[in-house]
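# Remarks on the overall topology
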Amino acid sequence: MKRFRKFRETQEIRDSYADVPPVTAETFIYPYFVVEGEGVRQEIQTMPGIYRFSIDELLVDIGDMLSLGINKLLLFGVLNDEAKDERGSAGYKPDNIISRAVRAIKELYPSVVVFTDVCLCEYTSHGHCGLLHKHDVDNDSTLPLLAEMAYQHAVAGTDFVAPSAMMDGQVEAIRKRLDGAGLTTKILAYSAKYASAFYGPFRDAAGSAPSFGDRKTYQMDFRTQDQGLDEIAADIDEGTDWIMVKPAMAYLDMLYRASARFPDYPLVAYQVSGEYSMLKNGAAQGFFDEERIFLESLTAIRRAGADYIISYYAKEFIRRGLFC
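We now examine the packing of aromatic side chains. Tallied over the entire structure, the rule returns 20 aromatic pairs. Seen in terms of ring centroids, tyrosine 51 and phenylalanine 53 are 5.9 Å apart; in terms of plane orientation they differ by 40°. Their pairing is tilted. Note on phenylalanine 53: relative accessible area 3%, which makes it buried. Ring geometry for phenylalanine 115 and tryptophan 242: centres 5.7 Å apart, planes at 50°, overall tilted. One end of the pair, phenylalanine 115, is in strand E5 (residues 113–118); the other, tryptophan 242, is in strand E10 (residues 242–246), and 127 residues separate them in sequence.

Structure representation (structure tokens):
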């Protein structure tokens with residue numbers, strides 16, 4: 001009989017055998033929702049403790065984020081319905097809300113690493129991720145608009161553009177646009193992004209729920225395995241710098257496979273809104289201990305191979321001292 005319990009007898013012994021890279025402030029990318037106006041700090045009903053910020057309030061909150069040692073953030077724009085149109089033009093005009101936020105951040109906090117989401121869903125009146133043709137997304141006509149949005153973010157000073165629309169060829173279109181303008185902005189591709197029920201609270205937060213149908217014709221079918229690796233390989237061929245698997249907790253197998261297959265590319269996992277809200281609300285109901293459940297889930301994401309984690313719990317994780 002081989003005895004394993006000796007490895008677990010005390011906390012000190014357990015710590016000495018822990019071989020998963022720890023989750024630290026450096027691991028995290030913190031997501032923000034940005035709205036028009038001034039003095040806006042609006043809690044999102046479906047995501048306890050998460051807010052929509054106007055740019056002035058965003059800058060205040062980033063100061064809090066930095067005080068915790070987190071230096072990377074991801075921006076999403078949130079518009080009123082009247083500012084949206086069929087082409088999502090508010091997302092790629094020169095004075096779009098994300099470009100203005102980037103400029104303000106870089107002026108006050110030049111060392112912050114800024115990632116900006118590149119997708120039309122937050123800006124279109126129909127809520128889909130690209131231009132429509134006969135009630136489906138027209139892939140190729142969407143690409144120039146995504147490239148223009150990425151260009152505007154890059155000109156404003158973002159460090160990474162993060163295309164999330166799941167349009168075929170989106171990384172190549174963006175890379176050509178950036179290179180052609182002489183810009184060195186990096187790309188974090190939402191490479192393996194699945195059509196998931198875990199996105200529900202985000203769509204409430206960003207006002208991006210589709211007005212009809214769903215996104216299954218362009219986001220990945222969760223019943224597949226190898227397609228995710230093929231998507232990542234294609235994004236690498238097209239010129240991405242970093243890669244992503246989204247969501248995280250239900251896709252740890254894909255994180256592990258991506259980490260093993262593409263070890264030379266930084267791998268990001270997105271602990272999405274539904275994962276956050278599920279754990280947060282479950283803890284509030286007394287179903288489990290909040291600190292333990294977030295520590296366990298985030299450590300599992302690291303164990304699967306993620307180098308970085310986008311998480312709405314990042315600030316709270318650091319504030320509570322949940323290092324392991």
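The next point concerns unusual backbone geometry. Between lysine 246 and proline 247 the backbone carries a cis peptide bond, its omega angle lying at -10°. Relative to the helices and strands, proline 247 resides in the loop between E10 and helix H8 (252–261). The phi torsion at methionine 166 lies on the positive side, around 60°, for a residue other than glycine. Relative to the elements of secondary structure, methionine 166 occurs in the loop between strand E8 (160–163) and helix H5 (170–180).

At a minimum axis separation of 8 Å, helix H4 (residues 139–156) and H5 run at an interaxial angle of 45°. On the basis of their axis angle, the class for H4 and H5 is oblique. Between H4 and H5 lies a crossing of right-handed hand. Across from Leu143, Leu146, Ala147, Glu148, Ala150, Tyr151 and Ala154 in H4, the residues of H5 making contact are Gln170, Ala173, Ile174, Arg177 and Leu178. When the residues that make up the contact of H4 with H5 are grouped by side-chain class, the tally is nine nonpolar, one polar and two charged.

Turning to the nonpolar core, a few remarks are in order. Grouped together as the largest cluster of nonpolar side chains are 109 residues, with contacts concentrated most on Phe33, Leu75 and Tyr270. Per element, the largest residue contribution to this core is eight residues, and it comes from H4.

Attention now moves to helix H2 (residues 55–67). For an α-helix, 3.6 residues make a turn, and residues three or four places apart therefore share a direction. Along its 13 residues, H2 runs 19 Å from first to last C-alpha, staying within 8% of the 18 Å computed at 1.5 Å per residue. When H2 is considered as a whole, its buried residues turn out to be Ile55, Leu58, Leu59, Asp61, Ile62 and Met65. Looking at the buried positions of H2, the neighbouring elements they touch are strand E1 (28–35), strand E2 (41–43), strand E3 (51–54), strand E4 (72–77), helix H3 (97–108) and helix H11 (314–319). Downstream of H2 by one or two residues, glycine 69 has phi in the positive range, about 95°.

Evaluated as defined, the whole model comprises one cavity of 30 Å³ or more. Around the largest cavity, the lining residues are Phe76, Asp117, Cys121, Glu122, Ser164, Lys193, Tyr199, Phe202, Arg203, Arg215, Gln219 and Lys246. Grouping the amino acids of the lining of the largest cavity by side-chain chemistry returns four nonpolar, two polar and six charged.

Between helix H9 (residues 273–284) and helix H10 (residues 290–303), the shortest axis-to-axis distance is 9 Å and the interhelical angle comes to 155°. The orientation of H9 relative to H10 falls into the category roughly antiparallel. At the point where H9 passes H10, the crossing takes the right-handed sense. Here Tyr276, Leu279, Lys280 and Ala283 of H9 come into contact with H10, specifically with Glu290, Ile293, Phe294 and Ser297. Considered class by class, the residues forming the contact of H9 with H10 number five nonpolar, one polar and two charged.

With that out of the way, let us pick up helix H7 (residues 226–238). Spanning 13 residues, H7 covers 19 Å between terminal C-alpha atoms, matching the ideal 18 Å at 1.5 Å per step. Within H7, the full set of buried residues consists of Gly228, Leu229, Ile232, Asp235 and Ile236. In an axial view of H7, the angular spread of the buried residues amounts to 120°, which keeps them on one side of the axis. The positive-phi residue at the C-terminal boundary of H7 is glycine 239, with phi of around 115°.

Reading the values: the criteria
Throughout, a residue's number is its position along its own chain's written sequence, starting from 1. Reporting in this predicted model follows two pLDDT cut-offs: at least 70 for local features of residues, and 80 or more for side-chain atom pairs to be given and counted; totals over whole chains, interfaces and linings ignore these cut-offs and use all residues. Hydrogens and water are ignored here; the side-chain numbers use all heavy atoms of the structure. Classification of ring pairs rests on two measures: the distance between centres of Phe, Tyr or Trp rings, Trp counted by its six-membered ring, which must be within 6.5 Å, and the angle between planes, read as stacked under 30 degrees, edge-to-face over 60 and tilted in between. Exposure classes here rest on a 1.4 Å probe applied to the protein chains alone. A residue is buried below 20% of its type maximum, exposed above 50%, and partly exposed in between. For helices the rule is a DSSP run of H or I covering at least 4 residues; for strands it is a run of E covering at least 2, with both sets numbered from the N terminus onward. Each axis is a line fitted through C-alpha atoms, and for a helix only the stretch in contact is used; angles between axes span 0 to 180 degrees, taken between their N-to-C directions. Note on terminology: angles under 35 degrees are roughly parallel, angles over 145 are roughly antiparallel, angles of 65 to 115 are roughly perpendicular, and the others are oblique. Crossing handedness follows the turn of the near helix against the far one: under a right angle anticlockwise gives a left-handed crossing, and clockwise gives a right-handed one. Should any heavy atoms of two residues lie within 4.5 Å, those residues are counted as being in contact. All residues other than Ala, Val, Leu, Ile, Met, Phe, Trp, Tyr, Cys, Pro, Asp, Glu, Lys and Arg, Gly among them, are scored as polar; the first ten of these are nonpolar and the last four charged. In plain words, nonpolar cores are sets of buried Ala, Val, Leu, Ile, Met, Phe, Trp, Tyr and Cys residues tied together by side-chain atoms within 4.5 Å. Take the number of residues in a helix, subtract one, and multiply by 1.5 Å to get its expected span. For each structure, a 1 Å grid was placed over the protein atoms alone; sets of points admitting a 1.4 Å probe that cannot get out are labelled cavities, open sets with protein on both sides within 12 Å along at least five of seven lines are labelled pockets, and lining residues have an atom within 4 Å of a point. Grid points are joined across faces, edges and corners, and a volume is the space filled by probe spheres set on the points. To be clear, the arc concerns the directions from the helix axis to the C-beta atoms.

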